[in-house]
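Structural overview for review
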Amino acid sequence: MAATTVSSVGQTREAARPGRAEQGAVRAGQAVLFTALFVYFTLPMLTVFLYSIATRWTANVLPDGYTLDWWIATFADRAVIGAFGTTLLLATITAVLDIVVVVPAAYWSRVRNPRIRPIIELSAAIPFALPYIVIGFGLLQFSGIVAPPLQGTFPLLVIGHAAIAFPFLYWAVDGAMAAAGIERLSEAAEACGASPIQILRRIVLPNIRPGVVTGALLAFATSFGEFALVQIVARGVYTVPIWSAEAIRSYTGEPGNFNRLAVVTMVNFIVLFVLSAAVVYFNRGQTVRLLPGARSIERGERR
Amino acid sequence: MTRSGIADRARRWLDAWLPALPLLALVTCALISPGVVLLAQTFVDANGFTLDLWGRVLGQPVNQVAVVTSLALGVCCATISLLVGGPAAWLISRLLAGRRAFWLGLLNVAANFGGIGLAFAYLATLGNVGMLTLVLQGLGLPFEPPRSSSFLALLMAYEYTNIPLFVLLTIPAMGVVRDDWWEAAQTASATRWQFWRRVGLPILAPFLLAGWLLIFTWSIGIYGIAYGLAGKSGGAAVQLITLQIGTALQSDIVLGPARAAILAVVLMAIASASLLAYRHLLRRALRWF
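Residues numbered from 1 in each chain as written. Chains lettered and ligands numbered in written order. Predicted model: local features only at pLDDT ≥ 70, side-chain atom pairs only at ≥ 80, totals over all residues. Heavy atoms only, no water.

1. Quick look at the overall build of chain B
- A count of helices and strands for chain B gives 13 helices and 2 strands.
- Dimensions of chain B along its principal axes, counting C-alpha atoms only, are 75 × 60 × 30 Å.
- Counting every position in chain B, which comprises 289 residues, the buried fraction comes to 53%.
- Taking the intrachain contacts of chain B between residues at least 6 apart in sequence as the baseline, contacts between residues at least 24 apart amount to 73%.
- Carbon and sulfur atoms form 67% of the exposed surface of chain B, whose accessible area is close to 12900 Å².
- The positive charge centre, built from 19 side chains, and the negative charge centre, built from 10, are 6 Å apart in chain B. (Helix = DSSP H or I, 4+ residues; strand = E, 2+ residues; numbered from the N terminus. Buried < 20%, exposed > 50% of the residue type's maximum accessible area, 1.4 Å probe, protein only. Contact = heavy atoms within 4.5 Å. Areas by Shrake-Rupley, 256 points an atom, 1.4 Å probe, with all protein chains shown as cover. Lys, Arg positive; Asp, Glu negative; His and termini not counted. Charge placed at Lys NZ, Arg CZ, Asp CG, Glu CD.)

And the structure:
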C-alpha cells in the first residue's frame, strides 16, 4: 500500500512538474513587472532633476542645454528662503512638542496607569482615519469657537501638526520602551529612591533614545511636507508646500517658473530622503513594519 | 474630614493621570473636539436644530458627483495597488538581501514623495511638455497626454505613492507563507495556480484586503496632489470631496462652511467605516503570527 502511494505520487509529480515554458513565462513576467516599476518610480524623479538644470525644455526629448542658474536664482529668492526657514521651524517645534507630551504619557501608561494606553491608541488611529483636510477644517471651526485670536496663526498650526504627527512618535517610543524593559528599570531606580523626574531623565530617556530620535524624525517629516492644514488653518503662514502650490497654480508657460519649482522640489525631496535614510539608520536597518495598528491588536490579544 | 478626603482623591487621580494630561489635552483639542464641532455644525443653522442643510447640500449635483468620484478614485487606486503591489510585495520578499534592500530603499523614497512636489513631477513627466510626452511625440506617435486635471491623471499620480505604501505595508505579511509549503504542494502534485488558489491567497487575503482598505481610506483623503493638478481648472476639473471642501471654504459664500462641514462629515464617515473594517480584518489576519 505504502509503496503504491509513493510511486503514484512520484509519477504525478513527474507529470505536474512545471515545464520549462511555464518557468520562462514566470521569469519574464517578473522581469517586466520590475522593469515597469523601476521606470515608473525613477522617471518622475529624473525629470524633476533635469528640469532644475535645464536652460529650455519644450521641444526635444532632452533639455536644450544645462545650467546651474536656477539653483542660484532660487537660493537668492527671499520668498523661497523664508519659506524654507518657516517650514524648518514649524517641523522642529512640532517634533519637540510631540516629544514633550508623548514620552511622559507613554512612560506613565507603562509603569503606573495602564488605563492611559487604550486612550492613546484609539487617539493615534484618528490621524490615520481622518484626512488632514478634515482635521484642519475641524480645527479651524473649533478654534473659532474657543479661541478666535488663534485662528490663522503659527501656534495653532503647531498644535495641528503635533496632533497629526504624534502617533509616529508614540509607536516608536512605546516600541523602544518595550525593547528596553522600561518597567523593570524604573522599578529598580525607584527602589534606589529616585524621583519620577530623575527616572525619566537619567534612566528612561537614555534607554529609549533610538525610539525618540526615530519618532521625532517621522514627526518632523510629517510636518515638513504637510499642505492641507497649513492652507486651511494658517492662512498667513508661508511654508514650502504653500510656495510650491502658488508656483504650480500661477504657471503660465513662461520659462523659469517651472525650473525654480523643480529646484525647490529637488531640495524638498533631498530633505525627505535624508530623513527616511536616518530613520532606517536609527532603526538598525529595519525598513519594514507590519500594517499600522497591528502591534496594539497583537498585544491586546496576548494579554 | 471630607475635604481632606476629596483632596486625597484628587491627589490620587493626579498621580494616576498627570503625566498623560498634556497629550490628552492635545488630542482632545486638535483631534476629537474638531470632529465633534464639525458634526454638530451640520445640524445647526441660525434657527437652531435642522436637517435642512444635509438635504440642500446632498441635493446639489456637484456634491453628489464629488462623492461618487472620490469613491471611484479610492476604489481604483486601492485595486490597482493591490493588483500591482501584491505580486511586487511577494517577489520582493523572495529576493536576495542586497536586491531587496535596493527595492525597499526605492519604495521608501517614492512613498515619501507626495503632495505638491509629486503634482509637479507628474506635470514634468506627462504634462503638455513633459519628458514622456516629448519622447513619445519624438517617436512620431500621435500621443496626447491626459488633461492634468482628469481622473486618469490623478489616478496615475496617486498610485506613485500608493503602490510603494501597499508593498511596504504587506511585505512583512509575505513571510507567513513559507517556502516549504510550496514544496509540499509540489510533492502533492499541485500546480502553481492551485497552490495560490488553495493555500497562498486564502492565507494572505486578510492582509491584502487590509492593505486595500488602507489605500482606499488614504486615497479619498488626499488633498495636496489633487490641488496641485486639478485645483485651478474650475469646472473642467475632476470633482472630489477634498477639492470641494477646499473650494467651499474659499469661495462659496451662501452655503460655504456648512457645505464644507457636511462634505467633511461624509469623508469622516467613509474613512471611519473603512478603518473599522480594516481593524476587523487585521485582527483575523494576525492569527498567523
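Continuing now.
2. Observations regarding the confidence of the model for chain A
Residues and elements named next belong to chain A.
- Predicted confidence across chain A gives a mean pLDDT of 82, with 85% of residues reaching 70 or more.
- Across chain A, helix α4 (residues 78–111) holds the top mean pLDDT of 93, while helix α1 (residues 2–16) sits lowest at 42.
- Across residues 1–16, confidence stays below pLDDT 50; counting only partners more than four residues off in sequence or on other chains, it has 6 contacts. (pLDDT = per-residue confidence, 0-100.)

3. Describing unusual backbone geometry
- Here the phi dihedral of S189(B) falls at roughly 60°; this positive angle occurs in a residue that is not glycine.
- Of note, S189(B) is situated in the loop between α9 (179–187) and α10 (192–221).

4. Looking at the interface of chain A and chain B
- Between chain A and chain B, the contact holds 94 residues from the first and 95 residues from the second.
- Around 8500 Å² of area is buried between chain A and chain B when both sides are counted, 78% of it from carbon and sulfur atoms.
- At the junction of chain A with chain B, the criterion picks out 1 salt bridge.
- Put simply, D15(B) and R112(A) hold a salt bridge, and the shortest N to O gap is 3.8 Å.
- In this structure, the connection of chain A to chain B is made through 12 residue pairs in polar contact (both at pLDDT 80 or more).
- At 19 residues, helix α2 (residues 20–52) of chain A tops the list of elements feeding residues into the side of chain A that touches chain B.
- In terms of residue class, the side of chain A that touches chain B is built from 66 nonpolar, 18 polar and 10 charged. (Buried area = accessible area lost by both parts, 1.4 Å probe. Salt bridge = Lys/Arg side-chain N within 4 Å of Asp/Glu carboxyl O. Polar contact = N/O pair within 3.5 Å; in protein donor to acceptor, adjacent residues only side chain to side chain. Nonpolar A, V, L, I, M, F, W, Y, C, P; charged D, E, K, R; others polar.)

5. Quick notes on helix α7 (residues 154–180) of chain A
Residues and elements named next belong to chain A.
- With 27 residues, α7 extends 36 Å from end C-alpha to end C-alpha; this agrees with the ideal 39 Å at 1.5 Å per step.
- A bend of about 45° at A165 is the largest found in α7, and the proline P167 appears one to four places after it.
- Among the 27 residues in α7, 19 count as buried, and that is most of the element.
- Just downstream of α7 lies G181, where phi reads positive at about 60°. (Expected span 1.5 Å × (residues − 1). Bend = angle between axes of the 7 residues up to and from the residue.)

6. Focus on the state of the cysteines
- The full count for this structure, using the stated rule, is 0 disulfides over all chains.
- Not engaged in a disulfide, the cysteine C76(B) finds its nearest cysteine sulfur in C77(B); these two sulfurs lie 7.2 Å apart. (Disulfide = S-S within 2.5 Å.)

7. Here's the deal with the nonpolar core
- Core analysis: the biggest nonpolar cluster contains 193 residues, and F166(A), M177(A), I208(A), L23(B), F120(B) and Y158(B) have the highest contact counts within it.
- Formed jointly, this core draws a minimum of three residues from each of two domains, domain 1 (19–67) and domain 2 (71–302) of chain A.
- If we ignore the near neighbours within four places in the chain, the residues touching M177(A) are V103(A), A106(A), Y107(A), R110(A), I182(A), V204(A) and I208(A). (Core = buried A, V, L, I, M, F, W, Y, C linked by side-chain atoms within 4.5 Å. Domains from an automatic or database assignment.)

8. A closer look at the domain arrangement of chain A
Residues and elements named next belong to chain A.
- Taken domain by domain, chain A comprises domain 1 (19–67) and domain 2 (71–302).
- Averaged C-alpha coordinates put domain 1 and domain 2 at centres separated by 33 Å.
- Taken together, the contact between domain 1 and domain 2 spans 7 residues of the former and 8 residues of the latter.
- Counting the surface lost from both domain 1 and domain 2, the interface buries some 670 Å², and carbon and sulfur atoms represent 73% of this.
- A per-residue breakdown of the area domain 1 buries against domain 2 is headed by V48, Y51 and S52, which together make up 65% of the total.

9. Notes on a nonpolar patch on the surface
- Side chains of F38(A), V39(A) and F102(B) sit close together on the surface and give an oily, nonpolar patch of about 270 Å² of accessible area.
- For F38(A), the location among the structural elements is in helix α2.
- Looking at F38(A), the relative accessible area reads 37%, which means it is partly exposed. (Patch = residues over 30% accessible without salt bridge, like charges linked within 9 Å, V, L, I, M, F, W, Y side chains within 5 Å.)

10. With respect to the packing of helix α2 (residues 21–41) of chain B against helix α13 (residues 256–285) of chain B
All names here are of chain B.
- Running from N to C, α2 and α13 point in directions that differ by 120°, and their axes come no closer than 8 Å. Taken together, the axes of α2 and α13 lie oblique to each other. Considering the relative orientation of α2 and α13, their crossing is left-handed. Note on element contacts: α13 touches α2 through A261, A264, V265 and M268, opposite G35, L38, L39 and Q41.
- Considering only residue class, the contact of α2 with α13 consists of 6 nonpolar, 2 polar and no charged. (Axes fitted to C-alpha atoms, helices over the stretch in contact; angles between N-to-C directions. Parallel < 35°, antiparallel > 145°, perpendicular 65-115°, else oblique. Left-handed = near helix turned anticlockwise from the far one by under 90°.)

11. Brief notes about the packing of aromatic side chains
- Scanning all chains against the criterion turns up 27 aromatic pairs over all chains.
- Seen from their ring centres, F227(A) and Y227(B) are 5.2 Å apart, and the 45° between their planes marks the pair as tilted. Within this pair, whereas F227(A) is found in the loop between α10 (209–224) and α11 (228–233), its partner Y227(B) is found in helix α11 (residues 224–230), the two belonging to separate chains.
- Note on Y227(B): relative accessible area 11%, which makes it buried.
- Members of the aromatic cluster, joined through ring pairs, are Y40(A), F41(A), F269(A), F113(B) and Y160(B). (Phe/Tyr/Trp six-rings, centres within 6.5 Å; stacked < 30°, edge-to-face > 60°.)

12. A few points about the side chain of H161(A)
- Relative to the helices and strands, H161(A) resides in helix α7.
- With residues near it in sequence (within four places) discarded, H161(A) still touches L90(A), T94(A), S223(A), E226(A), L229(A) and V230(A).

13. Examining the side chain of R117(A)
Residue and element names in this part refer to chain A.
- Checked against the element boundaries, R117 lands in helix α5 (residues 116–129).
- The exposure class assigned to R117 is buried, which follows from its relative accessible area of 7%.
- At 3.3 Å, the side chain of R117 and the side chain of Y170 are in polar contact.

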